Each structure stands twice: as C-alpha cells, then as structure tokens.
Amino acid sequence: MRDYHSKFEEEKYYHIYNRGNNGENIFVSDDNYKYFLRKWGQYIAPFTQTLAYCLMPNHFHFFVKVNPQGSGNETEVDINLVLESQFKKLFSSYALSYNKQQNRHGSLFEKRFKRIQVNSDDYFSKIVHYIHNNPIHHHFVSDYNVWKYSSFKAITSDRPSLLSKDEAIDWFGGKEEFSKFHEVQLDYGEIKDLMVD
C-alpha cells in the first residue's frame, strides 16, 4: 500500500500535494497564487530545493528535494519534524489571509497534506511531466507556457528563479530535451492514483 505521508529525509525527493477542504478553491485571484508562492519561499524553500510546481484553483503540486541539514558539531535536527512544523505554518498563514480576504471561516486545506517519496528514475520524469501537465489535464489551457502558476516557463527561461532549474534541466539532458519530453503524451501508470480531480 502506498504511503501518502512518507517521512521527510535529507537528500530525498518528494511529490507534495494538497487540496482545498471538500474540493473548494484555495486560489481565486492572481494575488492568492503569488502570496502562496511567497509563503512557500518563506517557510519551505529554506529547507528544500524546488524542482517543479503547479498551483491549480483547488489544489497544488510540488516536487522537492530535502536539503542536507549540516553535520559536525551542529545540533542534530529531525528534518521531518522541522518540515511538518513549517508546512503547518505555511497552511495556517495562508489560510488566515485567504479567509480574511474571502470573508470565510474554518479550515481551508485538507487536514493532512500528502507527500510521497520519489524513488525511481521513471517516477522522477513522470512526476515532473504530470505536475506541469495539470492545467492541460484539467482543461484550463492547451499550452504549458500559458499557465502562469507553474514552474514550466520559469524552468525554460533564463531569468533568475528560486527553482532548482539546473537540476531539473540536467535530468532531462538540456532545455530542448526537457521541452520535447513535455510534448509526449505519457501513460502515467504508477502515478495514476496521485491525480487530484
């Protein structure tokens, strides 16, 4: 049985995703998307490398690698506890702002966000494709470059970014190969049960 709440470990890769409570929207304006990404940068980015992401109106996906936390005389850190705490801060901070903006009350996100360790080359390639394909899969756009709230365009551009673009690009063998891989219709096979509708 698949573990949807894998323990975070240093230098391991994870597909992280969550959605709105009862399938409700969690982003309704451009500012919402930008604010969530700023909060991600504040709470999660210091502990991870982000290789890919996509924000959709009622859910999100991120693909990350957990950073090493140092060694030697430094106090040993339980990165799983640290990241669990950071995600709580992220969701709480964003929900407070969103609820105030939308004049709503109560929980915004599903209670336990899901994260699955990405532990094979095939999974690595397919999850990047799947994350970027989300807006097309859900019929919001027909072109990767059009959706503003995913990492696809940032990865393929030369503009500076908080993304770990080099690792994502190198994995596919360069920008051209990265783009070509996204043009292929994939059978997601082992990750079909990860698709959020």
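See above for the structure.
Here we summarise the structure given alongside this text. (Residues numbered from 1 in each chain as written. Predicted model: local features only at pLDDT ≥ 70, side-chain atom pairs only at ≥ 80, totals over all residues. Heavy atoms only, no water.)

1. Quick notes on the nonpolar core
Item 1. If you look at the biggest cluster of nonpolar residues, it comprises 54 residues, and the most contacted ones within it are I16, F36, L55, F60, F62, F63 and F87.
Item 2. Top element by residues in this core is helix α2 (residues 79-102). It accounts for eight residues.
Item 3. Those residues in contact with I16 that sit more than four places away from it in its chain are F8, F60, H61, F62, V64, F87, F113, K114 and R115. (Core = buried A, V, L, I, M, F, W, Y, C linked by side-chain atoms within 4.5 Å. Buried < 20%, exposed > 50% of the residue type's maximum accessible area, 1.4 Å probe, protein only. Helix = DSSP H or I, 4+ residues; strand = E, 2+ residues; numbered from the N terminus. Contact = heavy atoms within 4.5 Å.)

2. Thoughts on helix α1 (residues 30-43)
Item 1. For α1, with 14 residues, the first-to-last C-alpha span of 20 Å sits near the 20 Å given by 1.5 Å per residue.
Item 2. If you check which residues of α1 are buried, you get N32, Y33, F36, K39, W40 and Y43. What you see down the axis of α1 is that its buried residues fit within an arc of 125°, all on one side. Seen from the open side of α1, the exposed residues pointing more than 90 degrees away from its buried face are D31 and R38.
Item 3. Those residues of α1 that are buried are in contact with β2 (48-56), β3 (59-66) and α2. (Expected span 1.5 Å × (residues − 1). Arc of directions from axis to C-beta.)

3. A look at the packing of α1 against α2
Item 1. Two elements in contact, α1 and α2, have axes whose closest approach is 10 Å; the angle formed by their N-to-C orientations is 155°. In this view, α1 runs roughly antiparallel relative to α2, as classed from their interaxial angle. As for how α1 packs across α2, the hand of that crossing is right-handed. Here N32, Y35, F36, K39, W40 and Y43 of α1 come into contact with α2, specifically with Q86, F87, K89, L90, S93, Y94, S97, Y98 and Q101.
Item 2. Taken together, the residues that form the contact of α1 with α2 break down as eight nonpolar, five polar and two charged. (Axes fitted to C-alpha atoms, helices over the stretch in contact; angles between N-to-C directions. Parallel < 35°, antiparallel > 145°, perpendicular 65-115°, else oblique. Left-handed = near helix turned anticlockwise from the far one by under 90°. Nonpolar A, V, L, I, M, F, W, Y, C, P; charged D, E, K, R; others polar.)

4. Brief notes about the side chain of S164
Item 1. Note on placement: S164 falls in the loop between α4 (152-156) and α5 (165-172).
Item 2. Among the polar contacts made by the side chain of S164, one reaches the side chain of Q49 at a distance of 3.4 Å. (Polar contact = N/O pair within 3.5 Å; in protein donor to acceptor, adjacent residues only side chain to side chain.)

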